[in-house]
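Residue-level structure breakdown
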Amino acid sequence: MKRFVLPPDCQGEGEITLSGKDFHYLCRVRRLKGGDSVPAMLADGRRFVLVLTEKGTNTCRARVEPEPEESRENQSRPEEIAPIELYQAVPKGRVFDDVVRRCVEAGVTRIVPVYTEFTVGGAARDTAERQRREERLQRVARSAAEQCGAVRLPEIAQAIELSQIPSFDSNTEAAFFLHQEPLAEWSLHRYLEASIRKVVLAVGPEGGFSQRELRLLEHKGFRPVYLGPQVLRTENAAFFAVAAIRVLLLERESWTTRKK
Ligand code: SAH
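The rules we used
What you see as residue numbers is a count from 1 along each chain, following the sequence as written. Only residues with pLDDT of at least 70 get local features here, since the model is predicted, and only at 80 or more are side-chain atom pairs given and counted; chain-wide, interface and lining totals rely on the full set of residues. Hydrogen atoms and water are omitted, and side-chain values are computed over all heavy atoms in the structure. The near set for a molecule or strand comprises every residue that places at least one heavy atom within 4 Å of it. Polar contacts here mean pairs of N or O atoms no more than 3.5 Å apart (in protein, one a potential hydrogen donor and the other a potential acceptor; neighbouring residues in sequence count only if both atoms are side-chain atoms). Accessible surface area values rest on a Shrake-Rupley calculation with a 1.4 Å probe, where residue burial reflects the displayed protein chains alone. Only Asp, Glu, Lys and Arg are considered charged, only Ala, Val, Leu, Ile, Met, Phe, Trp, Tyr, Cys and Pro nonpolar, and every remaining residue, Gly among them, polar. Only Phe, Tyr and Trp rings take part, Trp by its six-membered ring, and two of them pair if their centres are within 6.5 Å. Stacked means planes under 30 degrees apart, edge-to-face means over 60, and tilted covers everything else. Where helices and strands are cited, they refer to DSSP runs of H or I of at least four residues and of E of at least two residues respectively, numbered from the N terminus. Accessibility here uses a 1.4 Å probe with only protein chains present; expressed as a share of the type maximum, an area under 20% marks a residue as buried, one over 50% as exposed, and anything in between as partly exposed. In this analysis the charged atom, NZ for Lys or CZ for Arg, is taken to sit over a ring once it is within 6 Å of the ring centre and within 35 degrees of the ring normal. Throughout this description, the term salt bridge denotes a Lys or Arg side-chain nitrogen within 4 Å of a carboxyl oxygen of Asp or Glu. Each domain span listed reflects an automatic or database assignment of domains. Accessible-area loss on putting two parts together, using a 1.4 Å probe and summing over both, is the definition of buried area adopted here. By the convention used here, strands pair only if DSSP detects at least 2 bridges between them.

Quick look at the site of the ligand now. Taken together, 18 residues sit near the ligand, with L178, H179, L227, G228 and Q230 positioned nearest. Here an oxygen atom of the ligand sits 2.7 Å away from a polar atom, N or O, in the main chain of L178. In the model, a nitrogen atom of the ligand is placed 2.9 Å from a nitrogen or oxygen of the L232 main chain. Alone, the ligand offers 560 Å² of accessible surface; in the complex the protein occludes 84% of this. Of the residues belonging to the shell around the ligand, the class tally is ten nonpolar, seven polar and one charged.

Now for the packing of aromatic side chains. Applying the stated criterion across every chain yields a total of five aromatic pairs. Between the aromatic rings of Y87 and F168, the centroid separation amounts to 6.3 Å while the plane-to-plane angle is 70°, which identifies the pairing as edge-to-face. With a gap of 81 residues between them, Y87 in strand β6 (residues 84-89) and F168 in the loop between β9 (160-161) and β10 (173-178) connect regions that are remote in the sequence. With a centroid separation of 5.0 Å and 45° between ring planes, the pair formed by F176 and Y191 is classed as tilted. Residue F176 is found in strand β10, and its partner Y191 is found in helix α5 (residues 188-192); the two are separated by 15 residues along the sequence. Overall, the relative accessible area of 6% leaves Y191 in the buried class. Above the plane of the ring of F4 lies R142, whose end atom (NZ or CZ) is 5.3 Å from the centre.

Summed over the entire model, instances satisfying the criterion amount to 16 salt bridges. The residue R132 makes a salt bridge to E129 at a minimum N-O spacing of 2.9 Å. Pair noted here: R132 and E129 are both in helix α4 (residues 127-148), with a separation of three residues, about one helical turn. The salt bridge involving R142 is made with E146; its shortest N-O contact spans 3.3 Å. Of this pair, R142 and E146 both sit in helix α4, separated by four residues, roughly a single helical turn. In this structure, R142 and E146 share a single accessibility class: buried. Connected through shared salt-bridge partners, E85, R110, E155 and K198 make up one network.

All right, on to the domain arrangement of the protein chain then. You can read the domains of the protein chain as domain 1 (4-74) and domain 2 (84-254). Spacing between the C-alpha centres of domain 1 and domain 2 amounts to 32 Å. For the pairing of domain 1 and domain 2, the buried interface totals around 660 Å² over both sides, and the portion due to carbon and sulfur atoms is 51%. Of all residues in domain 1, V5, M41 and A43 give up the largest surface area on contact with domain 2, accounting jointly for 56% of the area buried on that side. In this structure, the connection of domain 1 to domain 2 is made through one salt bridge.

The five strands are arranged β1-β3-β4-β5-β2 in an open sheet whose pairing can be described as mixed. Two strands bound the open sheet, and with one partner strand each, they are β1 (4-5) and β2 (14-18). Where strand β3 (residues 37-41) and strand β4 (residues 47-55) come together, five bridges link them in antiparallel fashion. Across the sheet, the residue bridging to S37 is V51, located in β4.

Structure representation (structure tokens):
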């Protein structure tokens, strides 16, 4: 783990009590003793140091302290690229865990589960089941963020139906949907050439988007992106596209200036 993500009830500096998985990780897995510390952060990316002060049998106390000046200077600067949001059609079983794990590592900043026409497993539309699944995905996101040293904790939003997907303004936001057949001439480079505030990506389920859904997405300002002739599994398509977009954004200056 690169950086421990502090629990949601923690506001910043001060004393906190940790239990459950947090206690297990810090005291059993990392075997921290009184006075030991680990790098920590709040979900929004603010960085601290967590110092263990007291170790009990099932809980521990710790102090959240400001990060020392010198380690702040050694840090890589926060990325200055547009945030990448993923609207992911809910896949079968535990496949969503893989999507979250991989896409968090690839730098996604928000994931919204979406129910579509060809989503398998209608039972999950039930509210209690949905909530259980969302909590699970939040845990997966947190551990992926901790493991890769993400700049902040990506948000797992409440699931929506595809018809509730918001509209995006193509002047300031780049919204895409992935489709396994070429629907437009434009390349990702061309879409990302203009300076944008946010990138939004919609990925279909195992059965793909229906024709009606493709029209709806276009109507909401999404533009089609094709990733080549191989038909990818939904979890691979999401990872592939997030990774490609992130590299293009990180290297944007080099490829936009070189062209001129
Ligand atoms: N069942 C469909 C494939 C669905 S693939 C078929 O056989 O045609 C699942 C999702 O992954 C798709 O909805 C799309 O969003 C994405 N996807 C898979 N391969 C892709 C590709 N080559 N280009 C763009 N998107 C792709």
